[in-house]
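# A structural walkthrough
Residues per chain, in single letters:
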Amino acid sequence: MKLSDNKATLSFSNGSPSVDLPVYQGSVGPDVVDIRKLYGQTGMFTYDPGFLSTASCQSTITYIDGDKGELLYRGYPIEQLATNCDFLETCHLLLYGNLPNASAKADFTRRVTRHTMVNEQMQFFMRGFRRDAHPMAIMTGLVGALSAFYHDSTDINNAEHRDIAALRLIAKMPTLVAMAYKYSMGQPYMYPKNNLSYAGNFLHMMFATPCEEFKVNPVIERALDRIFILHADHEQNASTSTVRLCGSSGTNPFAAIAAGVACLWGPAHGGANEACLNMLEEIQKTGGIEKVGHFMEQVKDKNSGVKLMGFGHRVYKNYDPRAKLMQETCKEVLAAMGLENDPLFKLAMALEKIALEDDYFVSRKLYPNVDFYSGIVQRAIGIPVNMFTGVFALARTVGWIAQLNEMISDPEYKIGRPRQLFSGSVKRDVLPLAKR
Ligand code: ACO
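Not measured: the values here are computed from a predicted model.

Analysis parameters
Each chain carries its own residue numbering, running from 1 in the direction its sequence is written. Local features in this predicted model are restricted to residues of pLDDT 70 or higher, and side-chain atom pairs are both shown and tallied only at a pLDDT of 80 or more, whereas totals for entire chains, interfaces and linings draw on every residue. Here the side-chain values reflect all heavy atoms present in the structure, with hydrogen atoms and water set aside. Strands are runs of DSSP state E lasting at least two residues, helices are runs of H or I lasting at least four, and both sets are numbered from the N terminus onward. Categorising residues by exposure relies on relative accessible area from a 1.4 Å probe, with only protein chains included: less than 20% of the type maximum marks a residue as buried, more than 50% marks it as exposed, and the intermediate range marks it as partly exposed. Counted as a polar contact is a pair of N or O atoms within 3.5 Å, where, for protein atoms, one must be capable of donating a hydrogen and the other of accepting one, and residues adjacent in sequence contribute only when both atoms are in side chains. Whether two residues touch is decided by their heavy atoms; if any such pair falls within 4.5 Å, the residues are in contact. Nearness is judged by heavy atoms alone; a residue qualifies as near a molecule or strand once a single heavy atom is within 4 Å of it. The accessible surface values rely on the Shrake-Rupley method and a 1.4 Å probe; as for residues, cover is taken only from the protein chains in view. To define axes, lines are fitted to C-alpha atoms, for helices over the stretch in contact only, and angles between the resulting N-to-C directions are given on a 0 to 180 degree scale. An angle below 35 degrees is treated as roughly parallel, one above 145 as roughly antiparallel, one from 65 to 115 as roughly perpendicular, and anything else as oblique. Left-handed describes a crossing whose near helix is turned anticlockwise from the far helix through less than a right angle; right-handed describes the clockwise counterpart. Under the scheme applied here, ten amino acids are nonpolar (Ala, Val, Leu, Ile, Met, Phe, Trp, Tyr, Cys and Pro), four are charged (Asp, Glu, Lys and Arg), and all others, including Gly, are polar. The pairing test for Phe, Tyr and Trp rings, Trp by its six-membered ring, is centres within 6.5 Å, and the orientation test on the planes gives stacked under 30 degrees, edge-to-face over 60, and tilted for anything in between.

### A closer look at the side chain of Gln123
With respect to the helices, strands and loops of the structure, Gln123 is situated in helix 5 (residues 122-126). Residue Gln123 is classed as buried on the basis of its relative accessible area, which comes to 18%. Polar contacts involving the side chain of Gln123 include one to the side chain of Glu120, which spans 2.9 Å. In this view, Gln123 contacts Met179, Tyr189 and Tyr191; residues no more than four positions away in its chain are not counted.

### Observations concerning the site of the ligand
Surveying the vicinity of the ligand reveals 20 residues, the closest of which are Lys302, Lys307, Leu308, Arg314 and Tyr360. A distance of 3.1 Å is found between an oxygen atom of the ligand and a side-chain nitrogen or oxygen belonging to His269. Side-chain polar atom of Asn369 to an oxygen atom of the ligand: 2.9 Å apart, as the coordinates give it. Protein coverage of the free-state accessible area of the ligand, which is 920 Å², stands at 73%.

### Concerning the packing of helix 6 (residues 135-149) against helix 7 (residues 159-185)
How two helices sit against one another is set out by the angle between their axes and by the gap between those axes. Their axes nearest at 10 Å, the elements helix 6 and helix 7 cross at an angle of 140 degrees. By the angle class used here, helix 6 and helix 7 are oblique. Relative to helix 7, helix 6 is oriented so that their crossing is right-handed. On the side of helix 6, the interface is formed by Ile138, Met139, Leu142, Val143 and Leu146, while helix 7 contributes Leu169, Lys172, Met173, Leu176, Val177, Ala180 and Tyr183. The class makeup of the residues in the contact of helix 6 with helix 7 is 11 nonpolar, no polar and 1 charged.

### Some details on the packing of aromatic side chains
Counted according to the given criterion, the structure contains 15 aromatic pairs. Residues Tyr39 and Phe45 carry aromatic rings whose centres are separated by 4.8 Å and whose planes lie at 35 degrees to one another, so their mutual orientation is tilted. Looking at Tyr39, the relative accessible area reads 42%, which means it is partly exposed. Ring centres of Phe125 and Phe129 lie 5.9 Å apart, and the angle between their planes is 90 degrees; on these two criteria the pair is classed as edge-to-face.

Right, dumping it as C-alpha cells:
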C-alpha cells in the first residue's frame, strides 16, 4: 500500500477539531482514505451500508474498471485469458499469481485431478436430502460437510493445509455438483475420470451413464471451460466478501466457502442466471418476441417490481466484458447444437437491443451482465435451470479460496466486525408481564 502525498481532511460544522486522514494509492484505480483511526480520534463511525464507497480490504488478485468495462485477473485482461488459456491455468494464476509454464501446468493439473473423488461416505450424506431439493440447498450442505470429511486440511494457519484445501475444493466441486444433479435425476453417480479435462470430466460426470459410452463434445467442453474462466473471480462481490468475513473468524476453509455458496444463491447475485432464464421462458410463454415491448414497459414501471434480470451491475457502468464473451460462446454452442434459431436467444437479443437504445437503461448505465447469456448456453448444453447457480459456484470456488488465502496470509488481517448506526429504543426497563 503506497502512501499518497495527498491527505484528506475531515471537518465538522460544530467546531470539533478537524482530522487529517491518510490517503493510499493502489497500483491502479481509485485512491482510498484510511479511516481506521477515525473512531479513536473523533468517536464517530462512517456509514456505508452496501459498501458503496468502502474498500473492505487490500487485494492483488482481480481488478475491475466498471466505467471502461474492463476485468483483469492478476493484470491479465479477461478477453486474453478466455481465448488463450484454460480454466486450470486460470486457477493457477488466481491462486499463485502467475500463469504456469508447461511443466508447472502439468504439475498443477496432476495435483488437482488427484483430488477429484470425494469420500464415499458423501453419497450416504446426500441420501438425507429430498430428491426435489434445490441443488444450491444441497451444495451449501455438501460443501460445509467437506470439513467433516477432510480434517487434515482445516488449519488455516498452516500454509500447506491452505494449499491442500484449495486443491481439494477446486477438484471436488465438479464432483459434488454432478452428484447433486444425478441424485435429483435418480441416476447412478459417475466417478471422476482423470484423463479428461476439467470441463470434460464435469460433462462426463453430469451426462454419462454406466450403460453406454459418452463422448465429450469439444465445442461444449470449450464453452463450459469458458463459463468457468469468466466466473472464476470478481473481486470483492457479495459472496467473496462473505467468504472473507466468515473466514476472518479463523473458521476452516470448507466452512467459509459454504458461506460463499449460500450467499451466491440469491437472485441479485449468482441466482441471476436462473432468474434470467426463467424470465425469458416466461416472456416466451406469454407471447414471445411480440410481447417484448410490453415486458419492457413493466420493467420501467417502478411499481411493477419487475426487473430485467441479467441487466445492471453494481460495478460495471458499461458493457460487462464477460457478457460479450458469453454472447460469442452462446452463438458457437447454438450453432454446434443446430439451435441457431433458438427462440430464447432471439428473445434475449431483442431485449438487449431495446434496452441498449432505451433512455431508462442508457441514463442508468444498465448493460447486460454475464448472466444474460450464460443461462442460454447452459440450457443448450443440457444443464437444468436450477443447476445454473451450482455451476457458477463451482467456477467461483477458486476465486473464493484465492481471496481467503490472500486475507489469511496478510499479516494485517483482523476479524471483520462492522459497526452500526443504532436507531432502536434507548435503554428502558422490563415491565412485569401483567403491566405490559
Ligand atoms: N432492471 C430494471 N431496472 C434496474 C435494473 C434491472 N435489472 N438494475 C438496476 N435498475 C435500476 C434501479 O431500479 C435503479 O433505478 P433508480 O435510480 O430509478 O432507483 C437504478 O437502476 C440503479 O440500480 P441499483 O439497484 O441502485 O443498483 P445496484 O448497484 O444496487 O444493483 C444489481 C445492482 C443488484 C445487479 C441490479 O442491477 C439488479 O438487480 N440486476 C438484476 C439482477 C442481476 O442480473 N444480477 C446479476 C449481477 S452480476 C452477478 O452476480 C454475476
